[in-house]
Each structure stands twice: as C-alpha cells, then as structure tokens.
Amino acid sequence: MSQIRKASVSRKTKETDITIEINLDGSGKAAIETGIGFFDHMLDAFARHSGYDLTVKAIGDLHVDGHHLVEDTGIVLGQAIADALGDKRGIARFGEARIPMDEALAEVAIDISGRSFLVMNADFLSPVIGTYSTQMTKHFFESLASAAGINMNMKVEGDNDHHKTEALFKAFAYAMKRATVIEGEEIKSTKGVL
C-alpha cells in the first residue's frame, strides 16, 4: 500500500478545542480525553474494534453540557477519516456489521460514497449514561457522517442504554474496518470518483 492513511485535524471554536489524530492502518491503540467518561469509553471501543489508532484531545464547555463537545468531536473525527482516506482508491467502500452486547443487538451498514446520510433507529430509555446524554448518540453520528461523506444506516434493539450505545459504536467500528480495507487499486464507482 503506497498511500499513508493517517490524518491530524484540529478545530477550535468559542465552545470547543479539539485535535484528533487517526491512522487507519494501525492496531487499535487509543488515547482519548474528552472529559465525558462514557464518551471516552465509546471512542476507545471504536478504535479498538476498528483497528484504527486514535488520539482525541477535546476540551469543551462542559459547564453548559456535553452537546458542543460531542458534536464537534464527530465533525473533527469525520474530517480526519475523510483526510486519511484521500481519494478512497482501492477501498472496499461498503461495510456492515451485526454486534450483540448482552440483550442488545446493533446493526450498521455504511457506504463511503462521498454523500452523507444517516438513518438511525434507536430508542433510549434514560436521558443520560453517566454524564453522557443519550440524545447525543444520533447527533454524533450525524456530525461524523456529514463531515466524512458517509452514508450510514444504523439500528439497535435492547433494554439497557449502555449496552445499546456500546453495541452501536462497536458495529460502526467493524463496518468501517470492512469498508476501508484495501482490495485493489481502482475507485469503486461508475463515476470514477467517491
């Protein structure tokens, strides 16, 4: 593989200051600091199960709530993935995974098409997991999909919000791992571009 599939992206606003480094051909090493414990756990799980090396340093206005930090982390992670993929030459493009976690079952299918879209079917019973707002799960993936140009269909069933959210992040990780594997030298599109 000739292309180095790494990226480093920073974004600073009046609400957040975020730097993310990613290596799509890593070994699943993670160094995550967001100030939201459960979110750290989810990003660590994403790195571990995708096989991507991921460093996230995120500071945000957590005295307000976690909305801006989680949203902006999704934006920056999406930008980093897009940058690391470059012209997407040779990638499988499509990926999917079904991941159980105890009673929960998550299903994720993605297309790294350059066109962003998210469909998520997920109902959460609790407003928060620790200090992480369950509403932010969909918003995180919306922000990431938009910035990365990924079409994602996600759904999860179960009773425990921790299990459901973690199963979604892990299923996303495996879907991305499968979609970003190098299978050849061509761009998988009749358009010749993704």
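A brief structural summary. (Residues numbered from 1 in each chain as written. Predicted model: local features only at pLDDT ≥ 70, side-chain atom pairs only at ≥ 80, totals over all residues. Heavy atoms only, no water.)

### Describing the sheet that holds strand β5 (residues 94-101)
Next up, step 1: One open sheet accounts for four strands, arranged β5-β6-β10-β7; its pairing is mixed. A strand with exactly one partner marks an edge of an open sheet, and here the two such strands are β5 and β7 (117-121). Here the average twist between neighbouring strands, direction ignored, is 5 degrees.
Next up, step 2: Sitting on the sheet, helix α3 (residues 136-148) is in contact with β7 and β10 (151-157), with an inclination near 160 degrees to β7.
Next up, step 3: Here helix α4 (residues 161-179) sits on the sheet in contact with β5, β6 (104-111), β7 and β10, set at roughly 150 degrees to β5. (Pairing = 2+ DSSP bridges. Helix = DSSP H or I, 4+ residues; strand = E, 2+ residues; numbered from the N terminus. Axes fitted to C-alpha atoms, helices over the stretch in contact; angles between N-to-C directions. Contact = heavy atoms within 4.5 Å.)

### Some remarks on the pairing of β5
Next up, step 1: Judged by which residues are buried, β5 turns out to be one-sided: G95, A97, I99 and M101 face inward and are buried, whereas F94, E96, R98 and P100, on the alternate face, are not.
Next up, step 2: Inspection of the sheet shows β5 paired to β6 by eight bridges, in the antiparallel sense. Its bridge partner lying in β6, M101 is registered against A104.
Next up, step 3: Between β5 and β6, which pair antiparallel one after the other, the connecting turn spans two residues, and D102 there sits at a positive phi close to 50 degrees. (Buried < 20%, exposed > 50% of the residue type's maximum accessible area, 1.4 Å probe, protein only.)

### Focus on the environment of D40
Next up, step 1: As for its position among the elements, D40 is in helix α1 (residues 37-50).
Next up, step 2: Here D40 falls in the buried class, since its relative accessible area comes to 18%.
Next up, step 3: When sequence neighbours within four positions are dropped, the list of residues in contact with D40 reads I32, E33, T34 and G35.

### Details of the sheet that holds strand β2 (residues 16-23)
Next up, step 1: Pairing is mixed across the open sheet formed by four strands, whose spatial order is β1-β2-β4-β3. The open sheet has two edge strands, β1 (6-12) and β3 (30-33), and neither has a second partner. Averaged over all neighbouring strand pairs, the angle between strand axes comes to 5 degrees, with direction disregarded.
Next up, step 2: Summarising the sheet, β2 and strand β4 (residues 53-60) pair through eight bridges and their orientation is antiparallel. Following the sheet pairing, I20 is matched in β4 by V56.
Next up, step 3: Docked against the sheet, α1 engages β3 and β4, running at close to 160 degrees with respect to β3.
Next up, step 4: The sheet strands contacting helix α2 (residues 67-85) are β1, β2 and β4, and the helix crosses β2 at an angle near 35 degrees.

### Describing the side chain of H139
Next up, step 1: Of note, H139 is situated in helix α3.
Next up, step 2: A distance of 3.3 Å separates a polar atom in the side chain of H139 from a polar atom in the side chain of E142.
Next up, step 3: Apart from residues lying up to four places away in sequence, H139 is in contact with H67 and E71. (Polar contact = N/O pair within 3.5 Å; in protein donor to acceptor, adjacent residues only side chain to side chain.)

### Brief notes about α3
For an α-helix, 3.6 residues make a turn, and residues three or four places apart therefore share a direction.
Next up, step 1: When the terminal C-alpha atoms of α3 are compared, their 18 Å separation across 13 residues agrees well with the 18 Å that a helix rising 1.5 Å per residue should span.
Next up, step 2: Along its buried surface, α3 packs onto α1, α2, β7, β9 (132-133), β10 and α4.
Next up, step 3: Looking one or two residues past α3, G149 carries a phi angle of roughly 70 degrees, positive in sign. (Expected span 1.5 Å × (residues − 1).)

### Notes on the pattern of salt bridges
Next up, step 1: Scanning the entire structure with this criterion turns up nine salt bridges.
Next up, step 2: A salt bridge links D44 to R48; its shortest N-O distance comes to 3.3 Å. With D44 and R48 both in helix α1, this residue pair falls four residues apart, about one helical turn.
Next up, step 3: Assessed through its relative accessible area of 22%, D44 is described here as partly exposed. (Salt bridge = Lys/Arg side-chain N within 4 Å of Asp/Glu carboxyl O.)

### Some remarks on the packing of aromatic side chains
Next up, step 1: Going through the model one piece at a time under the given rule, you end up with nine aromatic pairs.
Next up, step 2: Look at F46 and Y52: their rings are 5.8 Å apart centre to centre, the planes differ by 80 degrees, and that puts the pair in the edge-to-face class. For the residue pair F46 and Y52, the accessibility class agrees, reading buried in each case.
Next up, step 3: Three or more aromatic residues link up through ring pairs in this structure, and these residues are F38, F39, F46, Y52, Y132, F140, F141, F169 and F172. (Phe/Tyr/Trp six-rings, centres within 6.5 Å; stacked < 30°, edge-to-face > 60°.)

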